[in-house]
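Understanding the architecture of this molecule
As a plain string of letters, each chain reads:
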Amino acid sequence: MKVLFIGDVVGSIGRNMLLESLPMLKRKYRPQLTIVNGENAASGRGITEKIYKEFLQAGVDLVTMGNHTWDNRDIFNFIDNEKVKMIRPANFPEGTPGIGYKVININQEKIAVINMQGRALMNSLDDPFRKMDAILDEVSKETSCIFVDFHAETTSEKQAMGWYLDGRVSAVVGTHTHVQTNDARILPKGTAYLTDVGMTGAYDSILGVERDIIIEKFLSQLPVRHEIPEQGRKLLSGCFLEIDSSNGQAIRIENIVINDDRPFGSD
């Protein structure tokens, strides 16, 4: 099983970079499943149905979310459609719209994709570790190929989840912090791990936001309104995974970065 995962798409500049790069990435990696984290796709806050459909038309198979899931109220108009190809963090409170994981059939094979959110320095949610246990009790009956998007703030919580799930899932890939880490590896029991896959958005920004705004916040210690650049140099961050469908163990994990300093095909 070949999986392409693109990290946190931020604003229109990130969406444009995704649409430009996806055809090239698909030709190179030939993924059977393409996943995109879209929680920042609408001006950095949430996602709209129009953007969601644009992703699907471009060849995205599933959209994962995170702590900004509800920032754009348009999501309430479509997230509960039974055919929607989107998951939000599974440890949101009971009764929250949407679903937290999905089992996908691909050429008579199955892969489960789980979205989970951390608690360290983030909103107080259900325990992601125990929630993972409960979900794995269910999905492991259907497939051993399991991909986890762990949307969390701290590297320690992400590493803890990776080790906690080693040998129980195929991959644990972190999102949320928008800076790709250089620690892609396969853990001893066969789980691919990456602390953060990075973002897809404005290359010359601070986490996808206008630089001057963030610098001013640190200088003044006053609240500021985040503004997302609409023009400028673009960045795409992601990873590619190969999974042994017979046992769910990862065979390979590779970081993907495309920007002006590392144009596509330069590796």
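Residues numbered from 1 in each chain as written. Predicted model: local features only at pLDDT ≥ 70, side-chain atom pairs only at ≥ 80, totals over all residues. Heavy atoms only, no water.

- An unreviewed UniProt entry annotates the chain as TIGR00282 family metallophosphoesterase originating from Candidatus Jeotgalibaca merdavium.

Observations concerning the sheet that holds strand 6 (residues 109–117)
- Within the open sheet, the six strands sit side by side as 5-6-7-8-10-9. Their pairing is mixed. Pairing within the sheet leaves two strands with one partner each, and these edge strands are strand 5 (101–106) and strand 9 (185–186).
- Examined bridge by bridge, strand 5 and strand 6 share six bridges and lie antiparallel to one another. Opposite K102, over in strand 6, you have V113 as the bridge partner.
- Relative to the sheet, helix 3 (residues 128–139) contacts strand 5, strand 6 and strand 7 (146–151), its axis offset from that of strand 6 by approximately 165°.
- In this fold helix 4 (residues 155–165) packs onto strand 7, strand 8 (171–175), strand 9 and strand 10 (192–194), with an angle of close to 170° to the strand it touches most, strand 8. (Pairing = 2+ DSSP bridges. Helix = DSSP H or I, 4+ residues; strand = E, 2+ residues; numbered from the N terminus. Contact = heavy atoms within 4.5 Å. Axes fitted to C-alpha atoms, helices over the stretch in contact; angles between N-to-C directions.)

Quick notes on the layout of surface pockets
- A volume near 660 Å³ is recorded for the largest pocket.
- Taken together, 22 residues form the lining of the largest pocket, with R45, H68, L207, V209 and H226 sitting closest to its centre.
- Within the lining of the largest pocket, the residues separate by chemical class into seven nonpolar, nine polar and six charged. (1 Å grid on protein atoms, 1.4 Å probe; cavity = no way out; pocket = protein on both sides within 12 Å on 5 of 7 lines; lining within 4 Å. Points joined across faces, edges and corners; volume = space filled by probe spheres on them. Nonpolar A, V, L, I, M, F, W, Y, C, P; charged D, E, K, R; others polar.)

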